[in-house]
Each structure stands twice: as C-alpha cells, then as structure tokens.
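The chain contents come next:
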Amino acid sequence: MAVEGSGLGGWTPKMLGDPGRVLPVVTAPAGVLSRAGEAVDPRADDVVRLAADLIATMRVSPGCVGLAAPQVGVGARVFAVDVTGHPKTVTSHGTFVLCNAEVVEASRWRPGREGCMSVPDLTGDVKRASRLVVRGVLPGTGVEVRLSTDGFEARALQHEIDHCAGLLFLDRVAGAHAVYQRKVYQ
C-alpha cells in the first residue's frame, strides 16, 4: 500500500507501541558496518522493536540526527532520522523510521561536512544530493511512502541509507585531504 505525496501519511513513533531500549553503538572497524544489510519485513515484531530501539538510542545521543541498524550491530536495512531543531535544517519530517529505503531521485549535489557516531574521532567532506526523493516502508504498518526533502534532511537520509548498504561517510570522501579530526567543544 503506497501513500501518495511526499510525506509520512500521519505516521508517528507512537504507532510502534514500544518505548525502545537504548542500545550500544558499534564503531569502525566493526564488520557489520561494512556489510550490506538485509531487507526486512516492516511488520515483523523484531523489526518494530528495532525501530523503537533506534529512536530511543538516537534520542539519548547528543547531536545525533540519524541512526541505522548496522550501527547497533544489526545487519538490516532499517534506520531512524530526526533533524528537528538542528541549525542546518530547512525541511524536517520529524522523527521517523524507514525500512528497505532507496533513493528514487537525487539532484543538486553539494559538498558538506559529516560526522558519525560509528566514526567518533573524524569528520569528512562528502558530496551529497541536496534535493532527494526516497522510497521506503514504515515499520509496523507496511505502508510504502515517498519522502521528498532537501538540504540537511536529504544529507541525513543519504548517510543512513549508506549505512544500510555497508558504507561509511569515509567511503564517500574525495580523499585523505577531506578527512579531519573531530573538534571537541567544552
């Protein structure tokens, strides 16, 4: 079942019916981060639980705007995103989880700095589409949606889709000259 338009059709994390558990985040070079995740059944109980866990873990992690299943040690194509309140955000669809997501359209490529909880000491310049249409399935419902977005949310979606494909942002940088030590603010 598809939802027309470019939104989430009223889906909210409360629909998962699970507050989620905070899970440990794995860091490179953990093998799960370099393997493509498996497609999932978005209605399966374990996938719904995983979706809730991703949101719970993301919410307690300062500065986190997205988290994919491989980052919590699960080789599955599931991720959560929430760019609400981030200073670079223009478009935000709030907190959501997508399963088996794929990019349908991508345009207006721009470089930008990225970091990652699974690569805690580094950031890097990555060229990503600033206009994006993604197709994915909402956990718990099995409803397929097409999400149109731009700017920072588009970057976050591409970053998480890459995680589900076994790629880190380091795999997308132009070279060593585009990788930096993460700054620590106190």
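Residues numbered from 1 in each chain as written. Predicted model: local features only at pLDDT ≥ 70, side-chain atom pairs only at ≥ 80, totals over all residues. Heavy atoms only, no water.

1. Some remarks on the overall build of the chain
And then number 1: Each helix and strand in the chain was counted, giving two helices and seven strands.
And then number 2: Counting helices and strands in the order they occur from the N terminus, the chain gives β-α-β-β-β-β-β-α-β.
And then number 3: Here the C-alpha atoms of the chain give a radius of gyration of 15 Å, agreeing with the 16 Å that 2.2 N^0.38 yields for 186 residues.
And then number 4: For the chain, the proportion of its 186 residues judged to be buried stands at 47%.
And then number 5: The long-range share in the chain, meaning contacts at least 24 apart out of those at least 6 apart in sequence, stands at 70%.
And then number 6: Total accessible area computed for the chain in this model is approximately 9200 Å², and 52% of it derives from carbon and sulfur atoms.
And then number 7: Measuring between centres, the 20 positive side-chain charges of the chain sit 6 Å from its 19 negative side-chain charges. (Helix = DSSP H or I, 4+ residues; strand = E, 2+ residues; numbered from the N terminus. Rg over C-alpha atoms; globule rule 2.2 N^0.38 Å. Buried < 20%, exposed > 50% of the residue type's maximum accessible area, 1.4 Å probe, protein only. Contact = heavy atoms within 4.5 Å. Areas by Shrake-Rupley, 256 points an atom, 1.4 Å probe, with all protein chains shown as cover. Lys, Arg positive; Asp, Glu negative; His and termini not counted. Charge placed at Lys NZ, Arg CZ, Asp CG, Glu CD.)

2. Side note on the packing of aromatic side chains
And then number 1: Within the structure shown, the criterion is met by zero aromatic pairs.
And then number 2: Lying over the aromatic face of Y180, R113 brings its terminal NZ or CZ to 3.8 Å of the ring centre. (Phe/Tyr/Trp six-rings, centres within 6.5 Å; stacked < 30°, edge-to-face > 60°. Lys NZ or Arg CZ within 6 Å of the ring centre and 35° of its normal.)

3. Quick word on the side chain of E160
And then number 1: Structurally, E160 is set in helix α2 (residues 151–164).
And then number 2: Although E160 is buried, it makes no salt bridge; R128 carries the closest opposite charge, 8.4 Å away.
And then number 3: Not counting the four nearest positions on each side in its chain, E160 is found in contact with G66, L67, A68, Q71, F79, A80 and V81. (Salt bridge = Lys/Arg side-chain N within 4 Å of Asp/Glu carboxyl O.)

4. Observations regarding the pairing of strand β6 (residues 144–150)
And then number 1: Side chains V145, L147 and T149 project from β6 onto a buried face, and the interleaved E144, R146, S148 and D150 project onto a face without burial.
And then number 2: Here strand β5 (residues 119–137) pairs with β6 via seven bridges, running antiparallel. Residue pairing across strands places V133 opposite S148, the latter belonging to β6.
And then number 3: In sequence, β5 turns back onto β6 through a hairpin of six residues, with G140 there showing a positive phi of about 90°. (Pairing = 2+ DSSP bridges.)

5. Describing unusual backbone geometry
And then number 1: The omega torsion of the bond from A28 to P29 falls at 15°, within 30 degrees of zero and hence cis.
And then number 2: Backbone geometry places N100, a non-glycine residue, at a positive phi of 55°.
And then number 3: Relative to the helices and strands, N100 is located in strand β4 (residues 96–116).
And then number 4: The exposure class assigned to N100 is buried, which follows from its relative accessible area of 18%.

6. Quick look at the nonpolar core
Nonpolar side chains in soluble globular proteins generally cluster together in the buried interior.
And then number 1: Counting residues in each nonpolar core, the largest one holds 43 residues, and the members touching the most others are V78, F79, F96, L98 and L157.
And then number 2: Secondary-structure elements contributing two or more residues to this core are α1 (45–59), β2 (66–68), β3 (78–81), β4, β5, β6 and α2.
And then number 3: Beyond its immediate chain neighbours, meaning those up to four positions away, L98 contacts R77, V78, F79, V134, G136, V137, L138, V145 and L157.
And then number 4: By size, the runner-up hydrophobic cluster in this structure holds nine residues, among which are V119, V126, F169 and V173. (Core = buried A, V, L, I, M, F, W, Y, C linked by side-chain atoms within 4.5 Å.)

7. What about the confidence of the model for the chain?
And then number 1: Taken over all residues, the pLDDT of the chain has a mean of 93, while the share at 70 or more is 96%.
And then number 2: A low-confidence stretch, residues 1–6 stays under pLDDT 50, and its non-local contacts, those more than four residues away or across chains, total 14 contacts. (pLDDT = per-residue confidence, 0-100.)

8. Thoughts on the pattern of salt bridges
And then number 1: For the coordinates displayed, the defined rule picks out eight salt bridges.
And then number 2: One salt bridge connects R21 with D53, and the closest N-O pair in it is separated by 2.4 Å. Taken as a pair, R21 in the loop between β1 (2–3) and α1 and D53 in helix α1 lie far apart in primary sequence, 32 residues in all.
And then number 3: On the basis of relative accessibility, which here comes to 2%, the residue D53 falls in the buried class.

9. Side note on α2
And then number 1: The end-to-end C-alpha separation of α2 is 21 Å, in line with the 20 Å expected for 14 residues at 1.5 Å each.
And then number 2: Of all 14 residues in α2, 13 are buried, a share of seventy percent or more.
And then number 3: Positive phi shows up at G166, right after α2, with a value of about 85°. (Expected span 1.5 Å × (residues − 1).)

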